[in-house]
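# Descriptive analysis of the structure
Listed below, chain by chain, are the residues.
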2 protein chains.
Amino acid sequence: MEESFINTAIASWKLVVGRIDKRFAGLDNEQLQKQVAPNKNRLFYLLGHLTAVHDRMSPLLGIGERLHPELDEVYITNPDRTLADPLSADDLKKTWNDVNAAVISGVEKFSAEDWLKKHSAVSDEDFAKDPTRNRLALFLNRTNHASFHAGQAILVK
Amino acid sequence: MEESFINTAIASWKLVVGRIDKRFAGLDNEQLQKQVAPNKNRLFYLLGHLTAVHDRMSPLLGIGERLHPELDEVYITNPDRTLADPLSADDLKKTWNDVNAAVISGVEKFSAEDWLKKHSAVSDEDFAKDPTRNRLALFLNRTNHASFHAGQAILVK
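Residues numbered from 1 in each chain as written. Chains lettered and ligands numbered in written order. Predicted model: local features only at pLDDT ≥ 70, side-chain atom pairs only at ≥ 80, totals over all residues. Heavy atoms only, no water.

### Side note on the overall build of chain A
- Helix and strand content of chain A: 8 helices and 0 strands.
- Secondary structure elements of chain A occur, N-terminal to C-terminal, as α-α-α-α-α-α-α-α.
- Here chain A has a C-alpha radius of gyration of 16 Å; the compact-globule value for 157 residues is 15 Å, and the two agree.
- Considering only C-alpha atoms, chain A reaches an extent of 45 × 30 × 25 Å along its principal axes.
- Classification of the 157 residues of chain A by burial places 50% in the buried group.
- Taking contacts inside chain A between residues at least 6 apart in sequence as the whole, the part at least 24 apart equals 67%.
- When the accessible surface of chain A is summed, it comes to about 7,400 Å², and 51% of that surface belongs to carbon and sulfur atoms.
- Of the side-chain charges in chain A, 20 are positive and 22 negative, and the distance between the mean point of each set is 6 Å. (Helix = DSSP H or I, 4+ residues; strand = E, 2+ residues; numbered from the N terminus. Rg over C-alpha atoms; globule rule 2.2 N^0.38 Å. Buried < 20%, exposed > 50% of the residue type's maximum accessible area, 1.4 Å probe, protein only. Contact = heavy atoms within 4.5 Å. Areas by Shrake-Rupley, 256 points an atom, 1.4 Å probe, with all protein chains shown as cover. Lys, Arg positive; Asp, Glu negative; His and termini not counted. Charge placed at Lys NZ, Arg CZ, Asp CG, Glu CD.)

Here you go:
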């Protein structure tokens, strides 16, 4: 029965990430420079932001080292149009796919017990007080975060 | 252990719905008339849409009859600005809260077995082929749907 719950959560992640894949796959660099609304983030920034956030999931979930820590300064620490994009549109799309492949490959190896372990951004003390701050919570939270930005990314053609 | 998975999924829903509550609570009717981007949905329409979609969850999850089927024509079947809003901003906010209270009250009574039952929009035959089309999948899917529109709702002040 645990396995059914876990498979359902993973399927939900794949559905959301798959829709974002589709949204961005056909866009070239010029289209990725469009902002989702006046003075709001560019599509390029959103994809960079999602890539950096998903890359951070690997250490947070205990999967392993992350692949691209250099993305954080541009796409997490700073708002859009502060620093130059450090990679091309094609390289960003490739990185997005690599990062998601690492996350999926990691979580598909988790046992039910692994899913309920604390994620590494929570202290032992805080986790003892609130055991819902587990890896599954972080995974669902990041699924929602991806949906949040997917809702913005569809506003522009 | 099933209980931990379920509690985590319910906590994720509450987090997303709670953020939407906060986003809309302080807005008056005039502010709710703003569009999230040029020629896109008004905040009022988004809240109506989320309310109608969450209301539909009650029969889909086997919780019971829905409370406000009259919202579907305005906020699901038709795009924004096709039909007049059938209720005031205050009544819409009250309805949003009522509908979510019904959903939470229903799912908090589910056993682990209940969560893995099929939801009522799937035929017995299709469910036999794909048992991940269960109530938990629908619940996670609607959590993502709410996040999707929450991402749009924060684009306008």
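From this point on, the discussion continues.
### A short note on the interface of chain B and chain A
- At the junction of the two partners, chain B supplies 33 residues and chain A supplies 33 residues.
- Between the two partners, chain B and chain A, sit 0 salt bridges.
- Ranked by residues supplied to the side of chain B that touches chain A, first place goes to helix α8 (residues 135-153) of chain B with 11 residues. (Salt bridge = Lys/Arg side-chain N within 4 Å of Asp/Glu carboxyl O.)

### A word on unusual backbone geometry
All names here are of chain A.
- For N39, which is not glycine, the phi torsion reads 65° and is therefore positive.
- Looking at where N39 falls in the secondary structure, it is placed in the loop between α2 (29-32) and α3 (43-60).
- Among the residues examined, N39 registers a relative accessible area of 67% and is labelled exposed.

### Overview of empty space enclosed by the protein
- Here the structure, examined in full by the defined rule, presents 2 cavities of 30 Å³ or more.
- Empty space within the largest cavity amounts to approximately 60 Å³.
- Taken together, F5, A9, L136 and L140 of chain A together with F5, I6, A9, L136 and L140 of chain B make up the full set of residues lining the largest cavity.
- Of all the secondary-structure elements, those providing two or more residues to the lining of the largest cavity are α1 (2-25) and α8 (135-153) of chain A together with α1 (2-25) and α8 of chain B.
- Counting residues per element, the lining of the largest cavity draws most heavily on α1 of chain B, at 3 residues. (1 Å grid on protein atoms, 1.4 Å probe; cavity = no way out; pocket = protein on both sides within 12 Å on 5 of 7 lines; lining within 4 Å. Points joined across faces, edges and corners; volume = space filled by probe spheres on them.)

### Things to note about the packing of helix α3 (residues 43-60) of chain B against α8 of chain B
Residue and element names in this part refer to chain B.
- Relative to each other, α3 and α8 sit at 175°, their axes nearing to 11 Å. Taken as axis vectors, α3 and α8 run roughly antiparallel relative to one another. Contact residues: α3 offers L43, L46, H49, L50, V53, H54, M57 and L60, while α8 offers L138, F139, R142, H145, A146, H149, Q152 and A153.
- Split by residue class, the contact of α3 with α8 holds 10 nonpolar, 5 polar and 1 charged. (Axes fitted to C-alpha atoms, helices over the stretch in contact; angles between N-to-C directions. Parallel < 35°, antiparallel > 145°, perpendicular 65-115°, else oblique. Nonpolar A, V, L, I, M, F, W, Y, C, P; charged D, E, K, R; others polar.)

### Brief notes about the relation of the copies chain B and chain A
- Screw-axis analysis of chain B against chain A gives a translation of 0.0 Å along the axis, an RMSD of 0.0 Å, and a rotation angle of 180°. Overall, the copies show the geometry of a two-fold rotation axis. Nearest to the rotation axis, the C-alpha of F148 of chain B is located 2.1 Å from it, this being the minimum over chain B. (Least-squares fit on C-alpha atoms with pLDDT ≥ 70 in both.)

### Focus: the nonpolar core
- By size, the foremost hydrophobic cluster in this structure holds 92 residues, and its most contacted members are V107 and W115 of chain A together with V107 and W115 of chain B.
- Beyond its immediate sequence surroundings of up to four residues, V107 of chain A is in contact with I10, L61, I63, W115 and F139 of chain A. (Core = buried A, V, L, I, M, F, W, Y, C linked by side-chain atoms within 4.5 Å.)

### Considerations on the pattern of salt bridges
- A complete count under the given rule lists 21 salt bridges over all chains for this structure.
- Salt-bridge contacts for K14 of chain A lead to E108 of chain A; the nearest nitrogen and oxygen are separated by 2.9 Å. Pair noted here: K14 of chain A is in helix α1 and E108 of chain A is in the loop between α5 (89-107) and α6 (112-115), with a separation of 94 residues, a long-range link.
- Since its relative accessible area comes to 42%, K14 of chain A is described here as partly exposed.
- For E108 of chain A, a relative accessible area of 46% puts it in the partly exposed group.
- Between R56 of chain B and D72 of chain B there is a salt bridge; the shortest N-O distance is 3.5 Å. In this pair, R56 of chain B sits in helix α3 while D72 of chain B sits in helix α4 (residues 71-77), placing the two residues 16 residues apart along the sequence.
- The class for R56 of chain B is partly exposed, based on a relative accessible area of 34%.

### A closer look at α8 of chain B
Residues and elements named next belong to chain B.
- The end-to-end C-alpha separation of α8 is 27 Å, in line with the 27 Å expected for 19 residues at 1.5 Å each.
- In terms of burial, α8 is largely enclosed, as 17 of its 19 residues are buried.
- Taking the backbone nitrogen of L136 as reference, a side-chain oxygen 3.1 Å away marks N134 as the first, capping residue of α8. (Expected span 1.5 Å × (residues − 1). Polar contact = N/O pair within 3.5 Å; in protein donor to acceptor, adjacent residues only side chain to side chain.)

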